[in-house]
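Here's the letter readout for the chains.
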Amino acid sequence: MLSDEAVKEFQEIYKKKFGKEISYQDAYESGQRLVNLFKILWESDRKDKQKQRRLKTELDGFPVDGTYNCIVCHTYINETTGWYDKYGQKCFPCRRAVKEKVIPAFVCKNSDSFYMIWQLKSYFNIHPQTARKLIRQGVLKARIITNDNGQPHEYILLKKENPDLVDPERRSSALKSYHRNRDKVFKKQIKEDKQKFRAEQEKLLKRAKSKN
Ligand SMILES: [Zn+2]
């Protein structure tokens, strides 16, 4: 609860800052919202510091204390599925991938250093299925995070290992030729379809004529 004094102070600050009056009720509500926001920030800062302290004695980390997103793959994690260590909170597959150096640790700190396979669709119009094919062909390089069963959990494409993906305008010749070939196949298909359609039409026309 905000004190009467605090609300009045808020009214004064508001007037100085924006050059107009704010009602007591509005000042109270805005002030309360601000206080709530600071509470959240303060609380998260406090939790962060607490975790940092814990890490000094629990070097390998500990389970997360609530619901979070994995900082690598964004999967929801909780006390039983997530782990916190010096690189932040992660799901188990991503944690293992960092530990076993399948993915570099900087991936945890810099989400702008890589693409996940499903992001290629919106950035480069490369469907995940196509992307997997390009990975198999070696055109794209992916670090594959696996789950407990050894199945792929997530594909991480480091920007530094895939220079063609950083700038869509400067694609490699390999990717260009892939696209060119795909376009060619596509065009050929359209042409064949058109020819088929025309042949059908002609057949129908002939049949109609012979009836007359
Ligand atoms: Zn993850």
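Since we're looking at a predicted model, the values are computed, not measured.

### Quick word on unusual backbone geometry
Not every positive phi belongs to a glycine, and His74 is a case in point at roughly 70 degrees. Mapped onto the elements, His74 comes out in the loop between β2 (68-69) and β3 (76-77). When the 14 C-beta atoms within 10 Å are taken as the criterion, His74 is described as partly exposed. For Asn125, which is not glycine, the phi torsion reads 60 degrees and is therefore positive.

### Thoughts on the sheet that holds strand β7 (residues 143-146)
Sheet architecture is open: three strands sit in the order β6-β8-β7, paired in antiparallel fashion. Both outer strands of the open sheet, β6 (114-116) and β7, are each paired with one neighbouring strand and no more. Averaged over all neighbouring strand pairs, the angle between strand axes comes to 30 degrees, with direction disregarded. When β6 meets strand β8 (residues 152-158), the two strands line up antiparallel, connected through three bridges. Paired with Tyr115 across the bridge in β8 is Leu157.

### Comments concerning the sheet that holds strand β1 (residues 62-63)
Strand order in the open sheet made by the three strands is β1-β4-β5, with antiparallel pairing throughout. Edge positions in the sheet fall to β1 and β5 (88-91), since each of these pairs with one other strand and no more. Here β1 pairs with strand β4 (residues 82-85) via two bridges, running antiparallel. Across the sheet, the residue bridging to Pro63 is Trp83, located in β4. Sheet contacts for helix α3 (residues 92-99): β4 and β5; angle to β5, the most-contacted strand, approximately 110 degrees.

### Considerations on helix α1 (residues 4-18)
If you check α1, its first and last C-alpha atoms are 21 Å apart, about what 15 residues at 1.5 Å a residue would give, namely 21 Å. Gly19 sits one or two positions beyond α1 and adopts a positive phi of about 70 degrees.

### Looking at the pairing of β4
Relative to β5, β4 is paired through four bridges, and the arrangement is antiparallel. The partner of Asp85 across the bridge, within β5, is Gly88. In this structure, the hairpin formed by β4 and β5 is closed by a connection of two residues.

### Considerations on the nonpolar core
Within the largest apolar cluster, 27 residues are counted, with the highest numbers of intra-cluster contacts made by Cys94, Ile156 and Leu157. Mapped by element, the contributors of at least two residues to this core are β4, α3, α4 (106-109), β6, α6 (128-137) and β8. Setting aside chain neighbours within four positions, we find Leu157 in contact with Phe114, Tyr115, Ile117, Leu140, Lys141, Ala142, Asn162 and Leu165.

### Some thoughts on the domain arrangement of the protein chain
By a widely used convention, the size of an interface equals the accessible area lost when the partners come together. One can read the domain layout of the protein chain as domain 1 (1-57) and domain 2 (177-212). For domain 1 versus domain 2, the distance between C-alpha centres works out to 69 Å.

### Overview of the environment of Ser3
With respect to the element layout, Ser3 can be found in the segment before α1. For Ser3, a count of 9 C-beta atoms within 10 Å gives the class exposed. In this structure the C-alpha to C-alpha distance between Ser3 and Phe114, which are 111 residues apart in sequence, comes to 49 Å.

Parameters at a glance
Residues numbered from 1 in each chain as written. Predicted model: local features only at pLDDT ≥ 70, side-chain atom pairs only at ≥ 80, totals over all residues. Helix = DSSP H or I, 4+ residues; strand = E, 2+ residues; numbered from the N terminus. Buried ≥ 20, exposed ≤ 12 C-beta atoms within 10 Å, placed from the backbone. Pairing = 2+ DSSP bridges. Axes fitted to C-alpha atoms, helices over the stretch in contact; angles between N-to-C directions. Contact = placed C-beta atoms within 7 Å. Expected span 1.5 Å × (residues − 1). Core = buried A, V, L, I, M, F, W, Y, C linked by C-beta atoms within 7 Å. Domains from an automatic or database assignment.

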